[in-house]
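Secondary and tertiary structure notes
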Amino acid sequence: MKQEIIIAGFGGQGILSMGKILAYSGLMEGKEVTWMSSYGPEQRGGTANVTVILSDEPISSPILNEYDIAIILNQPSLEKFEDKIKPGGILIYDGYGIHTDIRRKDIDVYRVDAMDTATEMKNERAFNMLILGGLLRVSPLVEIDNVILGLKKSLPERHHKLIPMNIEAIRKGMEIIQKVI
């Protein structure tokens, strides 16, 4: 099994963190992993994306031109990456950041209303974990126990008190993801 994933949106949405947690989770399962980020110098508010590859076999290169899974969190990223999803692949998006219809008919499309749910939870910082939960529901790439270990590894120890809230957000994201027909 090899999954090539891109997570793309604006800086400040927790994109790099989400990719890092996914990568650490894969490492905890003994998978081969790459994690490669790209973001503008302005970070918060600028464009950002991260590619993660999880594989049972050695990975020859972290550079990707096509993706099995794309998590798209803003309109510019949709315009840039929609055509780079492999036929039969998966597109997951947050309805808050996408303003046009998805054009592709040869991929599975899912919507996670993470921004609205994070606001309802009174915790906008849970946004990325809601998205991650949606991903894990649609494509269980890693075990939830390893995601918890990945959270512990990627969060500074002073923020470990936030782990229960992050786990709650992941579980909620698994509930709210919906396939777009």
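Residues numbered from 1 in each chain as written. Predicted model: local features only at pLDDT ≥ 70, side-chain atom pairs only at ≥ 80, totals over all residues. Heavy atoms only, no water.

Points about the layout of surface pockets
For the largest pocket, the calculated volume is near 850 Å³. If you list the elements that add at least two residues to the lining of the largest pocket, you get α1 (15–28), β2 (32–39), α4 (127–138), α5 (144–154) and α6 (163–176). The leading source of residues in the lining of the largest pocket is α1, at five residues. Here the lining of the largest pocket is composed, by residue class, of 15 nonpolar, ten polar and four charged. (1 Å grid on protein atoms, 1.4 Å probe; cavity = no way out; pocket = protein on both sides within 12 Å on 5 of 7 lines; lining within 4 Å. Points joined across faces, edges and corners; volume = space filled by probe spheres on them. Helix = DSSP H or I, 4+ residues; strand = E, 2+ residues; numbered from the N terminus. Nonpolar A, V, L, I, M, F, W, Y, C, P; charged D, E, K, R; others polar.)

Side note on the environment of Leu 91
Mapped onto the secondary structure, Leu 91 falls in strand β5 (residues 85–93). With 37 residues separating them along the chain, Leu 91 and Asn 128 place their C-alpha atoms 16 Å apart. Here Leu 91 is in contact with Ala 70, Ile 72, Leu 78, Ile 85, Ile 102, Ile 107, Asp 108, Val 109 and Tyr 110, once residues within four sequence places are set aside. (Contact = heavy atoms within 4.5 Å.)

Description of the packing of aromatic side chains
Per the counting criterion, the structure on display carries one aromatic pair. Taking 6.0 Å as the distance between ring centres and 85 degrees as the angle between the ring planes, the aromatic pair formed by Tyr 67 and Phe 81 counts as edge-to-face. Separated by 14 residues along the polypeptide, Tyr 67 in strand β4 (residues 67–72) and Phe 81 in helix α2 (residues 75–81) bring together distant segments of the chain. Summarising the burial analysis for this pair, Tyr 67 and Phe 81 share the class buried. Against the face of Trp 35 rests Lys 20, its NZ or CZ located 5.8 Å from the ring centre. (Phe/Tyr/Trp six-rings, centres within 6.5 Å; stacked < 30°, edge-to-face > 60°. Buried < 20%, exposed > 50% of the residue type's maximum accessible area, 1.4 Å probe, protein only. Lys NZ or Arg CZ within 6 Å of the ring centre and 35° of its normal.)

Remarks on the environment of Glu 29
Tracing the backbone shows Glu 29 in the loop between α1 and β2. Sequence separation of Glu 29 and Val 142 is 113 residues, and the distance between their C-alpha atoms is 7.5 Å. In this view, Glu 29 contacts Leu 141, Val 142, Glu 143 and Asn 146; residues no more than four positions away in its chain are not counted.

A few points about the sheet that holds strand β7 (residues 178–179)
Pairing within the open sheet is mixed, and its seven strands lie in the order β2-β3-β1-β4-β5-β6-β7. Either end of the sheet is taken by a strand with one partner, and the two such strands are β2 and β7. Bridging between β4 and β5 involves five bridges; their strand directions are parallel. In the strand pairing of β5, Ile 72 is matched with Tyr 93. The sheet strands contacting α4 are β4, β5 and β6 (108–111), and the helix crosses β4 at an angle near 150 degrees. (Pairing = 2+ DSSP bridges. Axes fitted to C-alpha atoms, helices over the stretch in contact; angles between N-to-C directions.)

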